[in-house]
Each structure stands twice: as structure tokens, then as C-alpha cells.
Amino acid sequence: MHDRYFEDYVPGSVYAFGSITVTEEEILEFSRRFDTQGFHTDPVAAERGPFKGLIASGWHTTALMMRLYADHYLSKVASLASPGIDELRWLQPVRPGDALSIRTTVTQARASRSKPDRGLVHRRS
């Protein structure tokens, strides 16, 4: 459903989509540029670290989730950007070969107070 408009985001609606597989090469490339902690950048050091192996940066994981949202959830005709994220947690490490997917529930859809010609959609994933 790519031509989704504000009124199509009905509270209680559930959307599930994915997947995207994380590769070791992508983990290393991202973390060497943006999150240089050893358990993200060095597979040998990561084996001795707290996670006992290489893991993706949480910010890399967030970027991958954004890709899934952009491809499958956000409207191609009506999305006007986001004012932010209320809560973000990384509950378990993402490792090379993991396949990620998303399940999200629309929790609220309301008109914007400051821009009444627009709507705000809240969701929980």
C-alpha cells in the first residue's frame, strides 16, 4: 500500500514487513565510519569482548530499520518527515547473518496542533 494517506493510518492497525539481512562487511563498513568501538569494528577483538563476537552498531540497526520503514510503511505520496522518536532501545545484539523485520502498530493518529493541515501518526514497533 504505497498511496497511503493520513486517514489510512487507523489506530490499532498492525503492519509487518521485512526482511533485511545484515552482513559482516556492512557491519564493519558502517562502524569503521560511525561507531568505532572494537566489538563493531574488529572481529578478532570482538570475540574477546562482552558480546563474544562481532555485533552491529545500534545506529546501524536503526538505519536498517529506517530502510524497511521507507520501503514498506511510509507513504510515497503523503509523508512529510518526522518530528522525532519518543523511545529507542536496542534489546539484543544484531550479528552478521541476522535477518531483521518489523512489526508496528498504529497507536494514535491525530491532527497536528501547530499545522492543522497535517496529521501525526504514533506507532509502537
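Scoring rules and cut-offs
- Residues numbered from 1 in each chain as written.
- Predicted model: local features only at pLDDT ≥ 70, side-chain atom pairs only at ≥ 80, totals over all residues.
- Heavy atoms only, no water.
- Pairing = 2+ DSSP bridges.
- Helix = DSSP H or I, 4+ residues; strand = E, 2+ residues; numbered from the N terminus.
- Axes fitted to C-alpha atoms, helices over the stretch in contact; angles between N-to-C directions.
- Contact = heavy atoms within 4.5 Å.
- Core = buried A, V, L, I, M, F, W, Y, C linked by side-chain atoms within 4.5 Å.
- Buried < 20%, exposed > 50% of the residue type's maximum accessible area, 1.4 Å probe, protein only.
- Patch = residues over 30% accessible without salt bridge, like charges linked within 9 Å, V, L, I, M, F, W, Y side chains within 5 Å.
- Areas by Shrake-Rupley, 256 points an atom, 1.4 Å probe, with all protein chains shown as cover.
- Salt bridge = Lys/Arg side-chain N within 4 Å of Asp/Glu carboxyl O.
- Phe/Tyr/Trp six-rings, centres within 6.5 Å; stacked < 30°, edge-to-face > 60°.
- Polar contact = N/O pair within 3.5 Å; in protein donor to acceptor, adjacent residues only side chain to side chain.
- Expected span 1.5 Å × (residues − 1).
- pLDDT = per-residue confidence, 0-100.

Asker: In this structure, what is going on with the sheet that holds strand 3 (residues 119–124)? I would like to understand it.
Answerer: Across a sheet, strands are paired by hydrogen bonds formed along the backbone, either parallel or antiparallel in direction. Here three strands make up an open sheet; going across it, the order is 1-2-3 and the pairing antiparallel. Two strands close off the open sheet at either side, each with one partner strand: strand 1 (14–21) and strand 3. Strand after strand, the sheet turns through a mean of 35° between neighbouring axes, direction not considered. Across seven bridges, the pairing between strand 1 and strand 2 (residues 99–111) is antiparallel. Among the inter-strand pairings, Thr-21 is bridged to a residue of strand 2, identified as Ala-99. Against the sheet, helix 4 (residues 58–72) engages strand 1, strand 2 and strand 3, with an angle of about 65° to strand 2.

Asker: Please explain the nonpolar core as it appears in this structure.
Answerer: Most often, soluble globular proteins have nonpolar side chains that are buried together. Grouped together as the largest cluster of nonpolar side chains are 18 residues, with contacts concentrated most on Phe-17, Val-22, Tyr-73, Leu-100 and Ile-102. Of all elements in the fold, only strand 1, helix 1 (24–34), helix 4 and strand 2 reach the threshold of two or more residues within this core. Here this core gets four residues from one element, more than from any other, and that element is helix 4. Dropping the residues within four chain positions of it, Ile-102 is found in contact with Tyr-15, Ala-16, Phe-17, Met-65, Leu-68, Tyr-69 and Ser-125.

Asker: Help me understand a nonpolar patch on the surface, please; the structure alone is not making it clear to me.
Answerer: A surface patch of nonpolar side chains, amounting to about 460 Å² of accessible area, comprises Trp-59, Ile-85, Leu-88 and Trp-90. Along the chain, Trp-90 turns up in the loop between helix 4 and strand 2. For Trp-90, a relative accessible area of 42% gives the class partly exposed.

Asker: So what exactly am I meant to see when it comes to the packing of aromatic side chains here?
Answerer: The way to describe two aromatic rings as a pair is by their centre distance and the angle between their planes. Evaluation of the coordinates by the stated rule reveals eight aromatic pairs. Pairing Tyr-15 with Tyr-73 gives two aromatic rings, centres 5.4 Å apart and planes at 75°, and the pair type is edge-to-face. On the criterion of sequence distance, the pair formed by Tyr-15 in strand 1 and Tyr-73 in the loop between helix 4 and strand 2 is long-range, its members being 58 residues apart. Given the relative accessible area of 17%, Tyr-15 is considered buried. On the basis of relative accessible area, Tyr-73 is assigned to the buried category, the value being 4%. Taken together, the ring pairs connect Tyr-9, Tyr-15, Phe-17, Tyr-69 and Tyr-73 into an aromatic cluster.

Asker: Can you help me understand the side chain of Thr-104 in this one?
Answerer: Its place among the elements puts Thr-104 in strand 2. Here Arg-124 takes part through its backbone oxygen, which lies 3.3 Å from a polar atom of the side chain of Thr-104. A polar atom in the side chain of Thr-104 sits 2.9 Å from the side chain of Ser-125.

Asker: Hey, could you run me through helix 4 in this one?
Answerer: Since one α-helical turn is 3.6 residues long, residues separated by three or four positions face the same way. The terminal C-alpha atoms of helix 4, which comprises 15 residues, lie 21 Å apart, in line with the 21 Å expected from a rise of 1.5 Å per residue. On its buried face, helix 4 sits against strand 1, helix 1, strand 2 and strand 3.

Asker: When you look at the confidence of the model for the chain in this model, what are you seeing that I'm missing?
Answerer: Detailed reading of the predicted model is not advised wherever pLDDT is low. Overall, the predicted model of the chain reaches an average pLDDT of 91, with 98% of residues at or above 70. The element-level mean pLDDT for the chain is lowest in strand 3, coming to 88, with helix 1 highest at 98.

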